Amino acid sequence: MEKKEFKAESKRLLEMMVHSIYSQKEIFLRELISNASDAMDKMYYKALTDDTIDFDQERFYIKISADKDKRTLTITDTGIGMTKDELEKNLGTIAESGSLAFKREHEIQDGHDMIGQFGVGFYSAFMVAQKVTVLSKAFGSDEAYQWQSDGVDGYTIQPAEKTETGTMVTIQLKENNDDENYDAFLEEHRLKSIIKKYSDFIRYPIKMDVTVWKKKEDSSEDMESHVEEQTVNSMVPIWRKNKNELTDEDYLNFYSEKRYGFDKPLTHVHIKVDGTIRYHAILFIPETLPFNYYTKEFEKGLELYSNGVLIMDKCPDLLPDTFSFVKGMVDSEDLSLNISREILQQDRQLKMIAKNIKSKIKSELKSLLKNEREKYETFYQSFGRQLKYGVYSNFGSNKEDLQDLLLFYSSKEKKLVTLEEYVSRMPEDQKVIYYATGDSYARIEKLPQTELVADQGYEILYFTEDIDEFAIKMMRSYNDKAFQSVSSGDLDLNPEDEKKEEVTEDHQALVTEMKTILGDKVKDVRISKRLKSHPICLTTEGEVSIEMEKVLQSMPD
Ligand code: ADP
Ligand code: MG
């Protein structure tokens, strides 16, 4: 039997594959299952164009079996199979994709069902295998062949026996070592969880022999087991179903199954976009703050699927920072992935999806605010700070997006209000939006400065978070109404300049005396016209308020 060497460049590529392209060894199973699924899709396409072939859905499945004694794992499919030539061409040359060729040959335009196109996935098997055996019988052929390789030295092909059309890939696992316990890939629960994680939505059943334990019928204590064949994958992803087929419960289950969070999400958005870019997505707005949300450890991102196959756990590029709290997934057929499927090569489509998603989140939040105020306030309690941070961090460029999502406590309403609500209530003579800063609503209420403004019948927004004032400084104005702190600058309420002059002269001595006592602690001491029942207040000049100064001073250099 003749042994053939891999082409030189293939050899190098193979080294690279095994050692560095993929981030996790377990994805070999995803790749082999994807190939099996592609092989059955090819039968389906053939049946579409050839009346003599009858595509009987029942006959198509993938079977995963583990042999613990032999330490082998076998992936069997009932797909189109490979001829001797095809084994040679597709598996003998790395980066040769029979699936891509098939798509071209059959002019499958979108080819949206088929997964393969890079011609390298198969070789990921060598991350865990010391030897791979492929036994295949091509559709329409009477002969079967066996391809075998230990990865480095090359491969052999020889005639073999196989009754059914299709392919069996058998992996002889590597010996265990200190870093890796390859035997783990023979464990039922491990296999199940890998299949669930990456290949849950493969459209063909993925079957496994599963040990089922149950109580013996005679005695109540003893357990007995039997082996039964189960379908491990759920096949139809929830996001491909129609919204009206699904209940809130279904979305909740999906949320907890996916472990997006331990809480219950406040609401979900189910998106189907079928335009220049096509994708499905389910997004969740969580209720509670993840414990590490405002720390560096927090990683934002959505799960990314390419045509039902999981590519990435947390794709950060899909979510703007402002909405980093959103959980969920995106599935698109239109992504151009690079060979490893782990790094997205060209992100134009991704950017388009991200942009689209951003606006969907925005409108969902708006509608929550409008229609389910209580829920929105719960959300805002957790993530309002993030929205304000969003306004601040991009030099106000997010203003248009976010300004109507902000809530502040109102002196008049004694509850959170939107800027729109504030402005709609402004009396005609009121020119600016007033705010006051402090540690708590109660303390702000007691500020001398708030008294005069409130006396005029003007509403004041109470800022109790560090970020509040920074955010509105970035916004500058809302609806052409500037923001004005009750504590800084001249408030310009009923100017009574003459009175002020008089008082100043009268009390010149007092002012001078106070300046001497306070020395460097203050810049100036002035007689104020903004006090009513309080004798004194502190104020700042310019843009930076006392509260902001405190924050700035507490920041590390
Ligand atoms: P890709 O799937 O990206 O094309 P792979 O390295 O995963 O690349 O596989 C290479 C080629 O080998 C496939 O395109 C296909 O033609 C062939 N192949 C692999 N596995 C199977 C299978 N189970 N049945 C039929 N053909 C297969
Ligand atoms: Mg493949």
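Calculation notes
- Residues numbered from 1 in each chain as written.
- Chains lettered and ligands numbered in written order.
- Predicted model: local features only at pLDDT ≥ 70, side-chain atom pairs only at ≥ 80, totals over all residues.
- Helix = DSSP H or I, 4+ residues; strand = E, 2+ residues; numbered from the N terminus.
- Buried ≥ 20, exposed ≤ 12 C-beta atoms within 10 Å, placed from the backbone.
- Contact = placed C-beta atoms within 7 Å.
- Core = buried A, V, L, I, M, F, W, Y, C linked by C-beta atoms within 7 Å.
- Pairing = 2+ DSSP bridges.
- Axes fitted to C-alpha atoms, helices over the stretch in contact; angles between N-to-C directions.
- Expected span 1.5 Å × (residues − 1).
- Left-handed = near helix turned anticlockwise from the far one by under 90°.

Draft legend 1. Broad picture of the overall build of the protein chain. Regarding its fold elements, the protein chain presents 16 helices and 20 strands. Buried residues in the protein chain amount to 34% of all 557 residues. Within the protein chain, counting contacts between residues at least 6 apart in sequence, those at least 24 apart form 67% of the total.

Draft legend 2. Layout of the nonpolar core. Core analysis: the largest hydrophobic core is formed by 116 residues, its most contacted members being Ala125, Val128, Leu318, Val330, Ile460 and Leu461. Sort the elements by how many residues they give to this core and helix α2 (residues 27-49) lands first, with nine residues. Once residues lying within four places of it in the same chain are set aside, the contact partners of Leu461 are Phe408, Tyr409, Ser410, Tyr422, Ile433, Tyr434 and Tyr435.

Draft legend 3. Here's a closer look at the sheet that holds strand β14 (residues 327-332). Read across the sheet, five strands follow the order β10-β11-β14-β12-β13 without closing on themselves; strand pairing throughout is mixed. Lying at the two open borders of the sheet, with one neighbouring strand each, are β10 (267-274) and β13 (309-315). For this sheet, the mean inter-axis angle between neighbouring strands, taken without regard to orientation, is 15°. Summarising the sheet, strand β12 (residues 302-306) and β14 pair through four bridges and their orientation is parallel. Directly across from Leu304, in β14, lies its bridge partner Val330.

Draft legend 4. Seen up close, the pairing of β10. Note that β10 and strand β11 (residues 278-285) share eight bridges and pair antiparallel. Across the sheet, residue Val269 finds its bridge partner in β11, namely Leu283. As consecutive antiparallel partners, β10 and β11 are separated by three residues.

Draft legend 5. Local environment of the environment of Gln172. Looking at the element boundaries, Gln172 is found in strand β7 (residues 166-173). Separated by 102 residues in sequence, Gln172 and Lys70 place their C-alpha atoms 7.9 Å apart. In contact with Gln172, not counting residues within four places along its chain, are Arg71, Thr72, Ala129, Gln130 and Lys131.

Draft legend 6. Up close: helix α7 (residues 348-371). Given a rise of 1.5 Å per residue, 24 residues ought to cover 34 Å, and the 35 Å separating the end C-alpha atoms of α7 matches this to within 8%. All of the buried residues in α7 are Leu350, Ile353, Ile357, Ile361, Leu365, Leu368 and Leu369. Residues of α7 that are buried sit in contact with β10, β11, β14 and α8 (373-393).

Draft legend 7. Expanded view of the sheet that holds strand β4 (residues 129-137). The sheet built from nine strands is open, its strands ordered β1-β6-β5-β4-β7-β3-β2-β8-β9 with mixed pairing. The sheet is open, and its two edges are formed by β1 (3-4) and β9 (223-231), each paired on a single side. Sitting on the sheet, helix α5 (residues 188-199) is in contact with β2 (62-67) and β8 (206-215), with an inclination near 130° to β8.

Draft legend 8. Highlighting the pairing of strand β20 (residues 481-485). Across three bridges, the pairing between strand β17 (residues 433-437) and β20 is parallel. Bridge pairing in β20 places Tyr435 opposite Ser485. Sheet topology note: the strand β19 (residues 477-478)/β20 ladder contains two bridges and is antiparallel. Pairing of Ser477 across the sheet is with Ala482, part of β20. Taking the residues that link successive antiparallel strands as the turn, the β19-β20 hairpin has two residues, and the phi of Asn479 there is positive, at about 50°.

Draft legend 9. Main features of unusual backbone geometry. If you check the backbone angles, Met235 has positive phi at about 70° while not being a glycine. Inspection of the secondary structure assignment puts Met235 in the loop between β9 and α6 (248-257). You will see that Arg259, though not glycine, has its phi angle at about 55°, which is positive. Relative to the helices and strands, Arg259 resides in the loop between α6 and β10. Residue classification places Arg259 among the exposed residues on the basis of 8 C-beta atoms within 10 Å.

Draft legend 10. Seen up close, the packing of α2 against α5. Taken N-terminus to C-terminus, the directions of α2 and α5 make an angle of 65°; their axes are 9 Å apart at the nearest point. When you trace α2 past α5, the crossing you get is right-handed. Across from Ile27, Leu29, Arg30 and Ile33 in α2, the residues of α5 making contact are Ile194, Ile195, Tyr198 and Ser199.

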